[in-house]
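Structure at a glance
Next come the chains, spelled out residue by residue.
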Amino acid sequence: SSGINAEYGVWVWEVVEDDYECASVLQTHTQDVKKVVWHPTDPLLFSASYDDTVKVYKEFGDDWECAESLTGHSSTVWGLSFNKSGDKFVSCSDDRTLRVWCRDETKATKYTCKSTVCGFHSRPIYDVAWGRHGYIATAAGDNAVRVFEQQGSSLLLSHLQSDAHSGDVNSVSWKGNLLATASDDETVRIWTLET
C-alpha cells in the first residue's frame, strides 16, 4: 500500500504478519503530494503534486526509487488515472488541462505527453477517472462533470453535465457504466452513462 505525508513524501507500506511496516519514504517532490496511484499491471507507483509534476517510482532491491519525473503541467497536478492496460494515463491539473501520457516502448517507467486537452474547463480539474470502457470522466471546480472519449491521441468531449453539483466536484469514479461523483455540496451522485 502507499500513503501521503505532509513532508512532501510518499510512504510505501508492506504487510508483515498482519501488521504494516514502512518499506520506503520517497521524498522527491518539493511540495505537497496530492495523489498516489499504482500502475494497473506493473510494480510501479505514480504520485501527483503541488510541484506541478508526476513522479514514477520503481522498486530497486529492497528500496524504492524515483525513476522518472514527468513535467508539462503549469500548476498543481491533482490526479491521474490509467487505461486498463497501463500503456497510457491521463493527468488533471489546477491549470485546467488534461494531459494524455503514453508509455515509451523502450523503457517501462518512461511516459511522454502525447496530447494536451484544454478549453473545456473554466476552473481547476480536481480528479480524473479512466473507465474500463475507455471513457474518461473529470471532476472540476465549475460544478460540472465531463466525459471524454479517446480518438487517436486526442480526447473529444462526449457528455457534459453542467451544474452536476451545487459546489466544486472533487472526485469521480467508474464502475462499469456507472459514474459516482462527490462534491463540496456534501453529496455523492451516481450517474448512468448512456452511449
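A brief report on the enclosed structure follows. (Residues numbered from 1 in each chain as written. Predicted model: local features only at pLDDT ≥ 70, side-chain atom pairs only at ≥ 80, totals over all residues. Heavy atoms only, no water.)

Quick notes on unusual backbone geometry
For residues other than glycine, phi is negative in most cases, and the peptide bonds are mostly trans. Stated precisely, the cut-off is as follows: We count a stretch as a helix when DSSP gives it H or I for four or more residues in a row; a strand needs E for two or more, and each element gets its number in order from the N terminus. Throughout this description, buried means an accessible area under 20% of the type-specific maximum (1.4 Å probe, protein chains only), exposed means over 50%, and partly exposed covers the range between.
Not every positive phi belongs to a glycine, and Asp-18 is a case in point at roughly 60°. With respect to the helices and strands, the residue Asp-18 is situated in the loop between strand 2 (9-16) and strand 3 (19-26). Residue classification places Asp-18 among the exposed positions, given a relative accessible area of 80%. A positive phi angle is found at Arg-96, which is not glycine, with a value near 70°. With respect to the secondary-structure elements, Arg-96 resides in the loop between strand 9 (88-93) and strand 10 (98-103).

Regarding the pairing of strand 9
Applicable threshold: Paired strands, in this sense, are two strands between which DSSP finds at least two bridges.
Counted residue by residue, strand 9 has six buried out of six residues, so it is predominantly covered. Bridging between strand 8 (residues 77-82) and strand 9 involves five bridges; their strand directions are antiparallel. Bridged to Phe-82 within strand 9 is Phe-89. Bridge analysis of strand 9 against strand 10 gives five bridges, and the strand direction is antiparallel. Each residue of the ladder has a partner; that of Ser-91, found in strand 10, is Arg-99.

Quick word on the pairing of strand 7 (residues 63-70)
Pairing analysis gives seven bridges linking strand 6 (residues 54-60) to strand 7, with the strands arranged antiparallel. Along strand 7, the bridge assignment pairs Tyr-57 with Cys-66. Connecting strand 6 to the antiparallel partner strand 7 that follows it, the hairpin turn spans two residues, and Gly-61 within it adopts a positive phi of roughly 65°.

A short note on a nonpolar patch on the surface
Which entries qualify depends on this criterion: Any residue with relative accessible area above 30% and no salt bridge may belong to a patch, with like charges joined within 9 Å and the nonpolar Val, Leu, Ile, Met, Phe, Trp and Tyr side chains within 5 Å. What sets the accessible areas is the Shrake-Rupley method with a 1.4 Å probe; for residues, cover comes only from the shown protein chains. Whenever Lys or Arg places a side-chain nitrogen within 4 Å of a carboxyl oxygen from Asp or Glu, that contact is recorded as a salt bridge.
A cluster of nonpolar side chains, contributed by Phe-120, Leu-157 and Leu-160, occupies part of the molecular surface with about 230 Å² of accessible area. Following the sequence through the fold, Phe-120 ends up in the loop between strand 11 (111-117) and strand 12 (125-130). Taking relative accessible area as the criterion, Phe-120 reaches 31% and is therefore assigned partly exposed.

Some remarks on the sheet that holds strand 18 (residues 188-192)
Note the threshold: For helices, the fitted line uses only the C-alpha atoms of the stretch in contact; every axis is such a line through C-alpha atoms, and the angle between N-to-C directions lies from 0 to 180 degrees.
Strand order in the open sheet formed by three strands is 16-17-18, with antiparallel pairing between adjacent strands. Either end of the sheet is taken by a strand with one partner, and the two such strands are strand 16 (169-175) and strand 18. Neighbour-to-neighbour, the strand axes of this sheet turn through a mean angle of 20°, independent of strand direction. As judged from the six bridges shared by strand 16 and strand 17 (residues 178-183), these two strands associate in the antiparallel manner. From the neighbouring strand, Trp-174 faces strand 17, where its bridge partner is Leu-179.

Section: the pattern of salt bridges
With the rule as written, the count across this model stands at four salt bridges. Where Asp-127 meets Lys-35, a salt bridge forms, and the shortest distance between an N and an O atom there is 3.6 Å. Of this pair, Asp-127 sits in strand 12 while Lys-35 sits in strand 4 (residues 33-38); the two residues are 92 residues apart in sequence, bridging distant segments of the chain. For Asp-127, a relative accessible area of 5% corresponds to the buried category. The exposure class assigned to Lys-35 is partly exposed, which follows from its relative accessible area of 26%. One salt bridge connects Arg-103 with Asp-42, and the closest N-O pair in it is separated by 2.7 Å. Within this pair, whereas Arg-103 is found in strand 10, its partner Asp-42 is found in the loop between strand 4 and strand 5 (44-49), the two being separated by 61 residues in sequence.

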